[in-house]
Amino acid sequence: MDIDHFSHKRKSRSVRLILLFAVLLLVGFVLSLNTGPYSIGPFEVLQTLLGEGSKKQSLVLFELRLPRMVIAVMIGAGLAVSGAILQGISRNGLSDPGILGISSGAGLAVLLFVSLYPATNMAPPFLMPFLALIGATATAGIIYMLAYKKGHGISPTRLLLTGIAVGAGLSAISIILTLQLNPRNLEFVVTWQMGSLWGSNWKFVLALLPWMVILLPYVYRKANVLNLLSMNEHIAASLGVSLQRERLALMTGAVGLAASSVATGGGIGFIGLLGPHIARRLVGPQHQYMLPITALVGSLLVLAGDTIGRSIMPATEVPAGIVISLIGGPYFLYLLIRTKG
Amino acid sequence: MSLSQPITKNTSLRTRPWMATVLIVAGICGILFGLGSSIITGVANISFSTVWNSIFHYDSSNEHHVIIQSLRMPRALAGALVGAAFAVAGAIMQGVTRNPIADTGLMGINAGAGFVLVLVFAFAPRLPFESIVLFSFIGAGLGVGLVYGLAYFSKNGLTPLRLALAGAVVSSILSGISQAISLLFQINYDLAFWSAGGISTAEWFQVSVMMPWIVGGIIVAMILSRSITILSLGEEIAAGLGQKTRLVKGLAAVVVMVLAGASVSTVGGVGFVGLVVPHIVRFLVGVDYRWIIPCSAVMGGVLVVFADIGAKMIAMPYETPLGAIIAVIGVPFFLYLARKERREW
């Protein structure tokens, strides 16, 4: 009965936290709508949203800021949940699509496209996530194969080290390709790699939306499997979970979320690491509660990063990825020092 | 060292001085051969006799003689120096931190030097190279300080895995700031070329500025080598043998800072030399740093001189980034190290 009581308390606390974060995200959204080179007051925002604003106001809000912020929210959720899955299946709190090299693989595929078809200059928005997915899947496959040892399976540490090495190799190839671009394409690629939400129009929102709408609920349905996988391989196997198949399915989900996010947002790091970590601290390791908070925290972080990046130096936007790595990097180092083993 | 030689079972003190001597002699021959090959290869086809004449019968009206004297010789020599510096820096770090995957590139020290160089490009683009080198030391020192600081403050020290993670993150923070600055000051293009790494711009003047630093750094490293061997056995053992471990570690950090800073200011972000070379050397000559350091210096020089010939040849007449060539060699090696380890890191 005590356990029941406890879990009930925990559940209501988690639900409250999810609601709280949803409200926070909403507030952040409104604040972000107000900020930018062309400032619009909160009241005017409301007016414009209701269709009463001036022409310039509605142009800035509907065509520039709103799609960009919607993308920020989706990317944040995608990257953070991707990180949560990777951490769950590798049983290592330091996993993240960036550190494992999956983001570099997605980026390289996009870079290849830009350098092979310079005439089109930018890949059409619907093609980008698919290109990125091919790159990310290939990379994930290579890392998995290289980290796999017969009779030992995948050790979490070997997976991370292999990811770091493969990531370094891929970025060497990226550098060769980058140097052969003409200055205009180079400008695009370099800013994209830094994680600027460059595709800020409704087309990109539409291109990204199906990935999130399909993959996020799918992963949420697997919350129980993730609970088991992240505990102990033997317990999971004895409870009748088909380990290999579930792990592969979840890995595919993680790769898809990361790839589509990277295709639109570029190399935004640390979200996959910070989102799940903060969520776990708040509600514990149960994925049913942890995953929604992870998604919300990720969204908040990217939204905040982008808003800050837009407002420190309005003339030259600092990409969200840089803002986030300046905040996330030190936090990661702090985690590294604090935790044992 | 736990990676290549388990310290148990008395294998830890194995050394092969004769092998080291062979390696040094062969390495010096390799460097000389490499310098010669590097001087005759390039876009303009130059025969060996022209090289000979350019040295002993220099004719300033002969275009080939000018190319050899003012471009190819300093480039080849810079390659050898930088290779030696990176390799020795890596060897020192591996010995002092007792960590088999320590390397100036992987640990964020190159990124630190690069970060300060970007600041220089942005705020003081006309600074003379002598001062740029000094700023590069400061940046490398920043990287060394961060890694040492993390290892110092973390519980139970940093395992190789955690050190690799810390290095990756320190690099990404520093290069993030560098990129932001380069965006604001519109030096993207310069930064991209810089981080690719390459020796093609090295001139006599730069060689003359960095040479004393690198040669001096390697000499101090050799003086420290005995203490580093003892330190590599474990800090308690070293302290028990009456060594001033703090002093040795501090001096070693300064040497790493000077070697990495001088090299990075000349060739940009080249990693993995310091990882690969000391491992191969340690495998061949054993665990005594009195041999590892000079052998690493020679072999590092050989590696970079030949990699630079590759940079010239692979896509003639274009330069292939040196950093990428070394990464192509270094990454499989890193993967091999990650697989070879039996224990969990």
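Residues numbered from 1 in each chain as written. Chains lettered and ligands numbered in written order. Predicted model: local features only at pLDDT ≥ 70, side-chain atom pairs only at ≥ 80, totals over all residues. Heavy atoms only, no water.

Remarks on the overall build of chain B
Of regular secondary structure, chain B possesses 13 helices and 0 strands. Listing the helices and strands of chain B from first to last along the sequence gives α-α-α-α-α-α-α-α-α-α-α-α-α. Computed over C-alpha atoms, the radius of gyration of chain B comes to 20 Å, within 12% of the 20 Å expected from 2.2 N^0.38 for 345 residues, which places it in the range of a compact globule. A principal-axis box enclosing the C-alpha atoms of chain B has dimensions of 65 × 50 × 35 Å. A total of 345 residues make up chain B; the buried ones form 58% of that total. (Helix = DSSP H or I, 4+ residues; strand = E, 2+ residues; numbered from the N terminus. Rg over C-alpha atoms; globule rule 2.2 N^0.38 Å. Buried < 20%, exposed > 50% of the residue type's maximum accessible area, 1.4 Å probe, protein only.)

Quick notes on the overall build of chain A
Counting secondary structure elements, chain A contains 14 helices and 2 strands. Counting every position in chain A, which comprises 341 residues, the buried fraction comes to 55%. Considering only contacts within chain A whose residues lie at least 6 apart along the sequence, 76% involve residues at least 24 apart. (Contact = heavy atoms within 4.5 Å.)

Here we look at the UniProt feature "transmembrane region" (unreviewed entry) in chain A
All names here are of chain A. UniProt annotation of "transmembrane region" (unreviewed entry) refers to residues 66–86, 98–120, 126–147, 159–181, 201–220, 248–274, 289–308 and 320–337 when read in the numbering used here. For the annotated span residues 159–181, helix accounts for 91% and strand for 0% of the residues, and the straight-line distance between the end C-alpha atoms is 33 Å. Helix and strand shares over residues 289–308 are 100% and 0% respectively, and the end C-alpha atoms of the span are 29 Å apart. (UniProt positions renumbered as here; feature names shortened; annotations may be inferred.)

Notes on the interface of chain B and chain A
Counting residues at the interface gives 40 residues for chain B and 48 residues for chain A. Both faces combined, the contact of chain B with chain A buries some 3,900 Å², and carbon together with sulfur accounts for 76% of it. It is R162(B), L165(B) and R339(B) that lose the most area in chain B upon contact with chain A, and together they represent 16% of the buried surface on that side. For the pair chain B and chain A, the interface holds 0 salt bridges. Along the contact surface separating chain B from chain A lie 0 residue pairs in polar contact (both at pLDDT 80 or more). The set of elements that each furnish at least two residues to the side of chain B that touches chain A consists of α5 (129–153), α6 (160–184), α7 (188–196) and α13 (322–340) of chain B. Element by element, the count of residues in the side of chain B that touches chain A is highest for α6(B), at 15 residues. (Buried area = accessible area lost by both parts, 1.4 Å probe. Salt bridge = Lys/Arg side-chain N within 4 Å of Asp/Glu carboxyl O. Polar contact = N/O pair within 3.5 Å; in protein donor to acceptor, adjacent residues only side chain to side chain.)

Thoughts on the packing of helix α13 (residues 287–312) of chain A against helix α14 (residues 320–338) of chain A
Residues and elements named next belong to chain A. Where α13 meets α14, the axes come as close as 8 Å, and the angle between the chain directions of the two elements is 110 degrees. Looking at the two axes, α13 sits roughly perpendicular to α14. Helix-helix and strand crossings are classified by hand; for α13 and α14 the assignment is right-handed. Contacts from L301, V302, G305, D306, I308 and G309 in α13 reach A320, V323 and I324 in α14. (Axes fitted to C-alpha atoms, helices over the stretch in contact; angles between N-to-C directions. Parallel < 35°, antiparallel > 145°, perpendicular 65-115°, else oblique. Left-handed = near helix turned anticlockwise from the far one by under 90°.)

Structural notes on the packing of aromatic side chains
Residue and element names in this part refer to chain B. Under the defined criterion, the tally for this structure stands at 9 aromatic pairs over all chains. Both rings, one in F137 and one in W213, keep their centres 4.7 Å apart while their planes meet at 70 degrees; by these two values the pair is edge-to-face. With F137 in helix α5 and W213 in helix α8 (residues 204–231), this pair connects stretches of sequence that are 76 residues apart. When its relative accessible area of 6% is taken as the criterion, F137 is described as buried. (Phe/Tyr/Trp six-rings, centres within 6.5 Å; stacked < 30°, edge-to-face > 60°.)

Observations concerning the nonpolar core
The biggest cluster of nonpolar side chains holds 218 residues, and the ones touching the most others in it are I85(A), F332(A), I92(B) and L165(B). Of all the elements, helix α3 (residues 63–97) of chain B adds the most residues to this core, at 18 residues. Sequence-distant contacts of I92(B), that is, excluding residues within four places in its chain, are made with A221(B), I228(B), A252(B), V255(B), V256(B) and I293(B). (Core = buried A, V, L, I, M, F, W, Y, C linked by side-chain atoms within 4.5 Å.)

Some details on the environment of V258(B)
Residues and elements named next belong to chain B. Position of V258 among the secondary structure elements: in helix α10 (residues 245–267). According to the relative accessible area criterion, V258 is buried, its value standing at 12%. Separated by 97 residues in the primary sequence, V258 and L161 have C-alpha atoms spaced 26 Å apart. Here V258 is in contact with F137 and W213, once residues within four sequence places are set aside.

Here's the deal with the pattern of salt bridges
Enumeration over the complete set of coordinates arrives at 6 salt bridges over all chains. Here R68(A) ties to D306(A) by a salt bridge, and the two come within 2.7 Å at their closest N and O atoms. Residue R68(A) is located in helix α3 (residues 55–90), and its partner D306(A) is located in helix α13; the two are separated by 238 residues in the primary sequence. Look at D306(A) and you get buried, because its relative accessible area is 1%. The shortest N-O distance in the salt bridge between R75(B) and D308(B) comes to 2.8 Å. Residue R75(B) is found in helix α3, and its partner D308(B) is found in helix α12 (residues 289–313); the two are separated by 233 residues along the sequence. Residues R75(B) and D308(B) agree in their burial class; the two are buried. Salt bridges linked by common partners bring R68(A), D306(A) and R310(A) together as one network.

As for unusual backbone geometry
Most peptide bonds take the trans configuration, and most residues that are not glycine carry a negative phi. Positive phi, close to 75 degrees, is recorded for F270(A), a residue that is not glycine. Within the element layout of this structure, F270(A) appears in the loop between α11 (243–265) and α12 (271–283). Note on F270(A): relative accessible area 6%, which makes it buried. One non-glycine residue, F272(B), adopts positive backbone phi at about 75 degrees. Of note, F272(B) is situated in the loop between α10 and α11 (273–285). Its relative accessible area of 8% is what places F272(B) among the buried residues.

Quick notes on the confidence of the model for chain B
Residue and element names in this part refer to chain B. Averaged over all residues, the pLDDT of chain B is 83; the fraction at 70 or higher stands at 93%. Per-element confidence in chain B ranges from a low mean pLDDT of 72 for α7 to a high of 92 for α12. A low-confidence stretch, residues 1–12 stays under pLDDT 50, and its non-local contacts, those more than four residues away or across chains, total 26 contacts. In the model output, the complex is listed with pTM 0.83 alongside ipTM 0.77. (pLDDT = per-residue confidence, 0-100.)

Considerations on helix α5 (residues 127–147) of chain A
All names here are of chain A. Spanning 21 residues, α5 covers 30 Å between terminal C-alpha atoms, matching the ideal 30 Å at 1.5 Å per step. Those residues of α5 that sit buried are M128, P129, L131, A132, G135, A136, T139, A140, I143 and A147. Projected onto a plane normal to the axis of α5, the buried residues spread over an arc of 160 degrees and lie on a single side. Within α5, the exposed residues directed more than 90 degrees away from the buried face are I134 and M145. (Expected span 1.5 Å × (residues − 1). Arc of directions from axis to C-beta.)

So, the packing of helix α4 (residues 102–116) of chain A against helix α6 (residues 156–179) of chain A
All names here are of chain A. Running from amino to carboxyl end, α4 crosses α6 at an angle of 15 degrees, the nearest separation of the two axes being 10 Å. Overall, the two elements α4 and α6 adopt an arrangement that is roughly parallel. When you trace α4 past α6, the crossing you get is left-handed. The residues of α6 that touch α4, namely those facing S104, G105, L108, L111, L112 and S115, are G167, L170, I173, S174, L177 and T178. Residues of the contact of α4 with α6, tallied by class, amount to 6 nonpolar, 6 polar and no charged. (Nonpolar A, V, L, I, M, F, W, Y, C, P; charged D, E, K, R; others polar.)

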